[in-house]
Each structure stands twice: as structure tokens, then as C-alpha cells.
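Notes for the structure review
Spelled out, the chains give:
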Amino acid sequence: SLGKFGQFPWSRSVFAKIIENVNKANPKAIGFDIFFTEKDKQSPEEIIKSYNLIPTDISELQKIKGHDEIFREQLEKTKSVTAVLGSNVPSHSNYDRSAKAKFLSKGGDPKNFTYSYAYSIGSLEQLEKSVKGLGSISFLDQADGIIRSLPLIVRFEEKLYPTMGLEMIRVGSNQKNLYIEMNEVGINRISSRPYKISSNPNGIIWIRYKNSLKSQYISASSVYDGKFSEDRFKNKYVLIGASAQGLFDLVKTPLGVTIPGVEVHANVIENILDQSYLVRNPNTYIFELLFVIIVSILTFFLSQKIKPKYSLSIFFGSLTIVIVIGFSLFLFRSELVDISYPMFMLTITFLTGLYFRFIEENRIALSNLQKEAKLLKERELAGEVQK
């Protein structure tokens, strides 16, 4: 596509043609993981400014419809969602934007629990006012750079916004409202009829990634040229984003692969549709702590009481039990349990137990050597007396 259209971002007329062709197949919704923050430099009015053309040269150019206007018209005809990003610094293109989704909450105010940003970055005002939805593409900072979770709702400039995937499902389901159920600790569940998504108290879900499928991608140039089957997009959620390495929209996943950022939102959509997202229960932390304490004490006690070769078997058996419990909860209940901390504590406890066992046995050995030396000396003295 870069070879066909040239440098990115492309002219808005290209995107207008792409969504026009996609919309002919009657998709559920179309989402843009791309910003349209500045005016299209290839529009006639921008060309006039750029080349400083004199009035006699622009009489025909002024009759041509601008690319931004062409794109806006196509956005208005489709069930499109554009991206909004949280920022700590203001954007030059900022205006007083508002979310398209209406939020209804029960049991409290979700704004007290959501992640917030002072400012937001989005697309041009005339474009955003023509779309059916505005979806957040903000990720939470991770120490290792791996995207494991994202907030379903965030707060920009004291206004709530849904994430891109949730907003596309709302638009695709022809819903106006999003429902937020609260409990005493925060957000409990977020709903977009008929889908209900359980989250942590801050509105965050853990993404259940599937293996990346190249068959789910189609190049923008193919869509532009109409080289696709209508079944490809019919009743589907279509995401438009960048996948080239030079555009820096690549992220790491827990599966150990690097994928385009747009695919993260695709996984979120599938998680919600299939109701197969991962769960990190707040009570799991208590379970992990109690489990670590009990198993660590048991491992330490047994390492002191039985022979080292048997205690080694107990240690590896305990590790196996931890791994089996963690993967069983993941496979059968879709619950995330942190097995790395119990495994680390088991290893430290076992090595500590062996260390104390070594010191104790070394002390006993030295004591026996001293007794044997004393007996040997007494025998020598007795021998001398006998002589």
C-alpha cells in the first residue's frame, strides 16, 4: 500500500475511497486507529497556500471539493469510529470535544476510579462531528513494554470515553448508552447491550490474545481497488490501521510476538463478542499470599526434617503443583494467577532451608570430629599409661 499511495499518512481522498468500498459490504462498524489531526496538505486550498498561487491560477482549483470534505462526507455515511488519545500536554488542534457514547452508572460515580488524562488528542473537529463514535486508544504504561491489559473506559478532560473496541461494539450494535455497575471498591461491570464485561475496580480488562492470523488482514490498496469479496466485511467489525515497521505502531504481547497496535483493539473486540476475556479477581491476591505462605512454610519444614534427596523431590513437586494450579485456572476459568511469585518464594525458601540444614549438619559433623579427636587422645594417654 505504501508503494501504491506513497508516504504515510495518505491523502484523505484515499481513506474516503477505502471506507466507501468497505461500506458497500455493510459492515457492523469501521474503526480508525489513525489520527487526522491536521488538514490534508494535498487538498486544493492547501496547495494554494503551499505554492502561493496567484488568483488567475486558482479559479478552477477553488471549484474542487477539498479532500477533508470528501472524507467527512464518507464518514457521515458510515458507522465509523475515530481514535482519541490521552495526553498530558495540550494539542494544537484541540477543541471542546465530547464522547459520542452516553454513560449510565449505578452505585456510584465511575470518574472516581478511572484513569485520567488532562488533555486529549484526536482528529479535526469537522471529521469527529461526522463519525458515530470516538474510541480511546490509550494504553497503560508497562514496565516491560508488554501490553497485557487496557482500560475499557478512561477520562479525558473530566469526560468519560470508551476504548476503541468497546465503542465499535456499541456503534455496531446500534446502542446509544454504556452501562457501568459499581460496587463498594469501584467498577464491577461495563455493559453494551447485549454484552456484559467484568473489569477490575479501575475499569481495566486483561486481554486474551489469540495467535495473529495473516488471513484477517487485507491491504488498503486491495480495498481501494475493490479487489475483495463482500463477505470479507459483511456484518464484521473492520479496523483500519498502520502495520509498517517505520510507523512505530507496533507493540509486544504476552505471547512473545510483536503485532501492529490495531490488532490489540481487534483482540479486545473478539474478547467481548466471545465473552472470553481474562479475569484478574481482586481476591486472587489474598489467595496467592496465603498459598505462598502455606507452601513456603511446608517446604521449609520438610527440608529440615527429611533427607536432602527426598526434600528435593518435594521442592520440584511443589513447583509442579503451583504451575498446574496456575494453568488450570487460566484454561478452565480464564483467571490470571501470578505463579512467578510463588515459584520465586518456593525457591528462596527451599534454598534457605538447605542452607540452615547444611549449617546444622556441619555443626554436628564438627562436634563429632571433636569427640573423636578427644577419644583418640584419651586412647593414646591410656596406651602410654599401660606402657
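Residues numbered from 1 in each chain as written. Predicted model: local features only at pLDDT ≥ 70, side-chain atom pairs only at ≥ 80, totals over all residues. Heavy atoms only, no water.

**Concerning the overall build of the chain**
If you tally the helices and strands in the chain, you get 11 helices and 16 strands. A compact globule built from 387 residues would reach a C-alpha radius of gyration of about 21 Å, whereas the chain, at 32 Å, exceeds it by more than 25%. Counting only C-alpha atoms and orienting by the principal axes, one finds that the chain spans roughly 135 × 50 × 40 Å. In the chain, which comprises 387 residues, the proportion classed as buried is 41%. Here the analysis covers contacts within the chain between residues at least 6 apart in sequence; of these, 76% occur between residues at least 24 apart. (Helix = DSSP H or I, 4+ residues; strand = E, 2+ residues; numbered from the N terminus. Rg over C-alpha atoms; globule rule 2.2 N^0.38 Å. Buried < 20%, exposed > 50% of the residue type's maximum accessible area, 1.4 Å probe, protein only. Contact = heavy atoms within 4.5 Å.)

**Let's talk about helix H6 (residues 164–172)**
Counting buried positions over the 9 residues of H6 gives 9, a clear majority of the element. Among the residues of H6, Met164, Gly165, Leu166, Glu167, Met168, Ile169, Arg170, Val171 and Gly172 are the ones counted as buried. Downstream of H6 by one or two residues, Asn174 has phi in the positive range, about 60°.

**Observations concerning empty space enclosed by the protein**
In the structure shown here, the tally under the stated rule is 1 cavity of 30 Å³ or more. The volume enclosed by the largest cavity comes to roughly 50 Å³. Phe287, Glu288, Phe291, Val322, Ile325, Gly326, Val337, Ile339 and Pro342 are the residues that line the largest cavity. Counting only elements with at least two residues in the lining of the largest cavity, the list comes to helix H9 (282–305) and helix H10 (308–333). (1 Å grid on protein atoms, 1.4 Å probe; cavity = no way out; pocket = protein on both sides within 12 Å on 5 of 7 lines; lining within 4 Å. Points joined across faces, edges and corners; volume = space filled by probe spheres on them.)

**A short note on the sheet that holds strand S12 (residues 195–198)**
Hydrogen bonds between backbone atoms are what pair the strands of a sheet, whose relative direction is either parallel or antiparallel. The strand order across the open sheet formed by 4 strands is S3-S10-S11-S12, and the pairing between neighbours is mixed. A strand with exactly one partner marks an edge of an open sheet, and here the two such strands are strand S3 (102–106) and S12. Strand after strand, the sheet turns through a mean of 25° between neighbouring axes, direction not considered. As defined by bridge partners, strand S10 (residues 177–183) adjoins strand S11 (residues 186–192) across 5 bridges and the pair is classed as antiparallel. By the bridge assignment for S11, Asn183 is matched with Gly186. (Pairing = 2+ DSSP bridges. Axes fitted to C-alpha atoms, helices over the stretch in contact; angles between N-to-C directions.)

**With respect to the nonpolar core**
Among the nonpolar cores identified, the biggest contains 33 residues, and Leu152, Leu166, Met168, Ile197, Ile207, Val264 and Ile272 are the most heavily contacted of them. Looking at this core, the elements with two or more residues in it are strand S2 (80–87), H6, S10, S11, S12 and helix H8 (261–274). Among the elements that make up this core, the one with the highest residue count is H6 (5 residues). Met168 has contacts with Ala29, Ile30, Gly31, Val81, Tyr237, Val238, Leu239 and Ile269, leaving out every residue within four places of it along the chain. Ala16, Ile19, Val84 and Leu134 belong to the second-largest nonpolar core, a separate cluster that totals 31 residues. (Core = buried A, V, L, I, M, F, W, Y, C linked by side-chain atoms within 4.5 Å.)

**Examining the environment of Ser91**
For Ser91, the position within the fold is in the loop between S2 and S3. In this structure the C-alpha to C-alpha distance between Ser91 and Thr37, which are 54 residues apart in sequence, comes to 9.1 Å.

**Considering the sheet that holds strand S4 (residues 116–117)**
As summarised here, the arrangement of the 3 strands in space is S4-S8-S9, forming an open sheet in which the pairing is mixed. Each having just a single partner strand, S4 and strand S9 (159–162) make up the two edges of the open sheet. In the sheet, S4 pairs with strand S8 (residues 153–156) via 2 bridges, with the strands oriented parallel. Residue Tyr117 lies in a different strand from S8, and its bridge partner there is Phe156.

**Thoughts on the pattern of salt bridges**
The tally for this structure, following the rule as stated, stands at 12 salt bridges. The partner of Asp144 in a salt bridge is Arg148, and the shortest N-O contact between them spans 2.9 Å. Across the salt bridge formed by Arg155 and Glu158, the nearest N and O atoms sit 3.4 Å from each other. The buried category is assigned to Arg155, whose relative accessible area is 12%. (Salt bridge = Lys/Arg side-chain N within 4 Å of Asp/Glu carboxyl O.)

**Some points on the pairing of S8**
Covered by surrounding structure in S8 are Ile153 and Arg155 together with Val154 and Phe156, the residues of both alternating faces. Relative to S9, S8 runs antiparallel, the two sharing 4 bridges. Looking at the pairing, Phe156 lines up with Lys159 of S9. Following S8, the chain reverses through 2 residues before pairing antiparallel with S9; Glu157 in that reversal takes a positive phi of roughly 50°.

Remember that the coordinates give geometry; whether it matters functionally is a separate question.
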